[in-house]
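# Summary of structural features
Listed here are the chains, written in short residue letters.
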There are 2 protein chains.
Amino acid sequence: MARVTLQTIADRLGVSRATVSYAFSRPDQLSDGLRRRILEVADELGYAGPNPTARSLRLGRAGALGMIFSETLAYAFADPYAVGFFQGLATAAEDAGVGLCILPLPHGDRRSETVRDAVVDSFCVMSLPDGHPALAEVFARKLPVVMVDEPYVPGHPFVGTDEPTAAATAARHVLELGHRRVGVAMVGLHDDGYTGWASQERQESALFEAMRRRRGGYQRAFEEAGVDWSGVPFYEVARNTRAAGKKAGHALLGCDPRPTAILTNTDVLALGVLDAASDLGLDVPGELSVVGFSDSAAEDAGLTTIRQAKREMGEATGRLLLSGAAAKPERLIFPHELIVRTSTAPPPRSPRR
Amino acid sequence: MARVTLQTIADRLGVSRATVSYAFSRPDQLSDGLRRRILEVADELGYAGPNPTARSLRLGRAGALGMIFSETLAYAFADPYAVGFFQGLATAAEDAGVGLCILPLPHGDRRSETVRDAVVDSFCVMSLPDGHPALAEVFARKLPVVMVDEPYVPGHPFVGTDEPTAAATAARHVLELGHRRVGVAMVGLHDDGYTGWASQERQESALFEAMRRRRGGYQRAFEEAGVDWSGVPFYEVARNTRAAGKKAGHALLGCDPRPTAILTNTDVLALGVLDAASDLGLDVPGELSVVGFSDSAAEDAGLTTIRQAKREMGEATGRLLLSGAAAKPERLIFPHELIVRTSTAPPPRSPRR
DNA sequence: ACATCCTCCTTAATCAATTAAGAGCTTAAT
DNA sequence: ATTAAGCTCTTAATTGATTAAGGAGGATGT
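Because the structure is predicted, anything quoted here is derived from the model rather than measured.

A few words now on the relation of the copies chain B and chain A. After a rotation of 180 degrees and a shift along the axis of 0.0 Å, chain B superposes on chain A with an RMSD of 0.0 Å. Expressed as an axis order, the relation between the two copies is that of a two-fold axis. Within chain B, the C-alpha atom positioned nearest to the axis of rotation is that of cysteine 101 of chain B, 2.0 Å from it. Here 100% of the contact residues of chain B are again contact residues in chain A; the copies associate through an equivalent surface.

Listed below in structure tokens is the structure:
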């Protein structure tokens with residue numbers, strides 16, 4: 001059972017390959033009779049239709065948008081922020097009738113040429129650390145690229161959030177409620193798998209730009225409020241999971257004096273902190289205030305958080321890529337919003353020890 | 001700025017195209033000196049590397065797995081069950097170093113040739129109604145296909161759940177607790193946008209096979225317990241959202257006599273039913289028991305549900321497709337499990353009116 | 001001195017289509 | 001009758017690579 005191509009059908013009918021091609025893609029170029037006969041024979045021979053790869057090559061378009069993510073794909077799909085973004089991106093792809101191709105990057109010792117070999121027309125790069133090798137591979141492809149959240153590469157379009165301001169808004173919220181002993185739990189600063197207390201130096205040298213800037217926003221708000229940042233307990237976790245959040249929560253709540261508020265840079269982490277508070281029998285928000293980030297899992301838990309326009313960001317990224325506008329180095333900063341729910345309140349008058 | 005191809009570089013250096021190709025893909029075939037010179041010139045000319053589409057054509061492999069979903073992509077990404085499945089599928093794709101290409105289907109009056117033109121090596125088809133035109137387009141491609149949840153097409157590999165048994169398990173749980181006035185809320189039976197009470201005939205003629213079978217499981221369990229199915233209030237909603245679940249909850253809880261338990265075919269719907277119960281000031285599980293399905297959003301809410309191995313199903317599907325085993329018509333039925341949490345209890349002794 | 005073996009590179013076939021331009025032939029208009 | 005216009009189909013160039021087989025030249029073995 002040899003491969004069936006246009007040529008096979010052409011030979012069988014004694015017509016030219018071009019004629020068979022027209023039968024499939026330009027019905028107006030052929031008489032109805034011949035066209036019918038061609039389609040009949042195609043069916044008979046089990047022809048699978050014009051080969052998409054050959055078509056792509058000839059037409060110079062792949063019909064797909066490539067998406068690159070720094071983490072493993074399992075991790076990406078477990079992150080509500082990323083999934084929300086995908087939703088928007090997928091909507092844009094759908095509207096344009098192109099596929100959304102999620103590309104795995106090599107992790108660990110695994111080699112992979114996915115970026116080099118991906119049959120796509122453009123790339124969306126999300127949360128890659130500054131010098132990640134995949135970034136160079138993407139640029140080498142000379143296709144339209146939009147960077148999301150990080151890294152910001154001058155001269156290339158960017159979609160993101162005003163991280164320092166958003167973080168400062170979250171911090172200011174608890175500071176204005178009167179909290180002075182505040183702990184911070186963050187994920188996504190480095191990719192070395194470290195979980196534990198983070199020194200000032202480690203904080204500032206964070207590999208991931210967006211989270212580094214977000215942290216900077218916290219610090220600025222604290223300093224503006226006259227709170228010494230070096231006294232702020234700062235716990236870093238390696239994975240954005242509820243369990244990691246719980247661990248951070250226990251660490252922070254074990255400090256003496258105990259914080260009356262905890263800031264986290266994801267909602268998932270914040271939920272874990274709530275778990276820790278619950279373990280210790282602490283009333284939230286009576287004895288402890290907790291703030292999340294990105295409003296991705298926050299509603300049910302009554303979490304105060306910073307809402308980000310995930311879907312809109314995804315859609316905008318898609319449109320930028322699909323409209324060809326990605327040639328211009330636009331920089332779209334999407335608005336954020338503080339959503340105050342029931343996880344934050346003024347600190348207790350006389351803190352329980 | 002004309003296109004730079006292997007040939008451009010070859011011409012510039014006065015070598016053959018093949019030599020340049022070897023410089024990129026088979027370093028051992030070339031002297032180091034020439035290879036270096038080739039790469040240098042390539043860089044100089046701004047060559048983007050061997051064209052992936054041409055490569056794909058020549059090598060006969062696309063390096064991507066196509067995924068098809070009956071709903072809009074925004075909807076798919078909003079469904080925790082689907083996202084869980086994606087997680088597993090993506091993991092398998094990642095391990096194999098291939099991309100995961102999510103293909104939009106035409107919706108409404110939109111035309112689209114995405115299935116016909118998708119540059120992929122295989123297809124994963126999830127939850128397509130029996131006669132959906134995309135299914136024929138997929139088969140026409142003559143590539144490996146795995147069907148997930150539905151439709152089951154004899155002779156093709158299938159990955160899914162024992163729907164009738166799983167549903168019967170959920171139903172039996174409340175029946176064994178002593179409930180006799182039970183309501184049912186389901187989504188995903190038809191795709192005509194209908195929301196409201198569903199007649200027996202409408203139930204049985206459901207377009208989507210998996211949900212049709214799931215419903216059959218409920219009915220069987222009721223009949224085995226001696227409960228007349230025709231007296232069971234059955235509310236159907238068009239979309240798998242919390243708001244829709246709430247609407248269904250209000251409808252069902254407005255029945256006289258009021259149900260003491262409600263079965264839903266998704267956790268999202270169940271959360272909505274809990275919202276409705278809360279609106280009415282009903283105690284769960286004291287006055288109302290609620291059961292979800294798929295354990296996708298259930299833990300925090302304490303929802304009793306049927307756990308499905310979403311991730312494992314996705315991974316198995318991926319492996320089937322990527323190992324070439326999809327040629328054999330395997331039928332993988334994954335186990336389910338009743339998870340009893342705090343949303344179910346025996347019915348109240350003397351029901352409040 | 002001759003055969004043999006490498007190393008390095010070229011030739012040419014192949015992958016499977018699309019499409020502008022042109023060639024016959026028929027039909028219609030003048 | 002003649003010219004122009006329409007249909008329908010073919011020719012041939014093009015898209016950008018990969019790779020088996022072969023050739024030229026130098027090094028090695030006997």
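Residue and element names in this part refer to chain A. Contact geometry of helix α6 (residues 80-96) with helix α14 (residues 310-322) gives a least axis separation of 7 Å together with a crossing angle of 40 degrees. The pairing of α6 with α14 is recorded here as oblique in orientation. In the packing of α6 onto α14, the handedness of the crossing is right-handed. When α6 is examined against α14, the residues Pro80, Tyr81, Gly84, Phe85, Gln87, Gly88, Leu89, Thr91, Ala92, Ala93, Asp95 and Ala96 are found in contact with a partner set consisting of Lys310, Arg311, Met313, Gly314, Glu315, Thr317, Gly318, Arg319 and Leu322. Partitioned by chemical class, the residues of the contact of α6 with α14 number 9 nonpolar, 7 polar and 5 charged.

Right, let's talk about the pairing of strand β1 (residues 64-69) of chain B for a bit. Residue and element names in this part refer to chain B. Of all the 6 residues making up β1, 6 are buried; the element is thus mostly covered by neighbouring parts of the structure. Burial along β1 is two-sided: the face carrying Ala64, Gly66 and Ile68 and the face carrying Leu65, Met67 and Phe69 are both buried. Pairing analysis gives 5 bridges linking β1 to strand β2 (residues 99-103), with the strands arranged parallel. Residue pairing in the sheet places alanine 64 in a bridge with glycine 99 of β2. Bridging between β1 and strand β3 (residues 122-126) involves 5 bridges; their strand directions are parallel. Bridging from a neighbouring strand, glycine 66 pairs with phenylalanine 123 of β3.

All names here are of chain B. Residue placement: serine 112 occurs in the loop between β2 and α7 (114-117). Classification of serine 112 as buried rests on a relative accessible area of 10%. Side-chain polar atoms of serine 112 contact the side chain of threonine 114, separated by 2.8 Å.

Take unusual backbone geometry next. Residue and element names in this part refer to chain A. With omega at 10 degrees, the peptide bond leading from valine 284 into proline 285 counts as cis. Here proline 285 shows up in the loop between α13 (267-279) and β10 (289-291). In this structure, serine 127 takes a positive phi of about 50 degrees despite not being glycine. Secondary-structure assignment places serine 127 in the loop between β3 (122-126) and α8 (133-140). For serine 127, a relative accessible area of 15% translates into the label buried.

What counts and what doesn't
- Residues numbered from 1 in each chain as written.
- Chains lettered and ligands numbered in written order.
- Predicted model: local features only at pLDDT ≥ 70, side-chain atom pairs only at ≥ 80, totals over all residues.
- Heavy atoms only, no water.
- Least-squares fit on C-alpha atoms with pLDDT ≥ 70 in both.
- Contact = heavy atoms within 4.5 Å.
- Axes fitted to C-alpha atoms, helices over the stretch in contact; angles between N-to-C directions.
- Helix = DSSP H or I, 4+ residues; strand = E, 2+ residues; numbered from the N terminus.
- Parallel < 35°, antiparallel > 145°, perpendicular 65-115°, else oblique.
- Left-handed = near helix turned anticlockwise from the far one by under 90°.
- Nonpolar A, V, L, I, M, F, W, Y, C, P; charged D, E, K, R; others polar.
- Buried < 20%, exposed > 50% of the residue type's maximum accessible area, 1.4 Å probe, protein only.
- Pairing = 2+ DSSP bridges.
- Polar contact = N/O pair within 3.5 Å; in protein donor to acceptor, adjacent residues only side chain to side chain.

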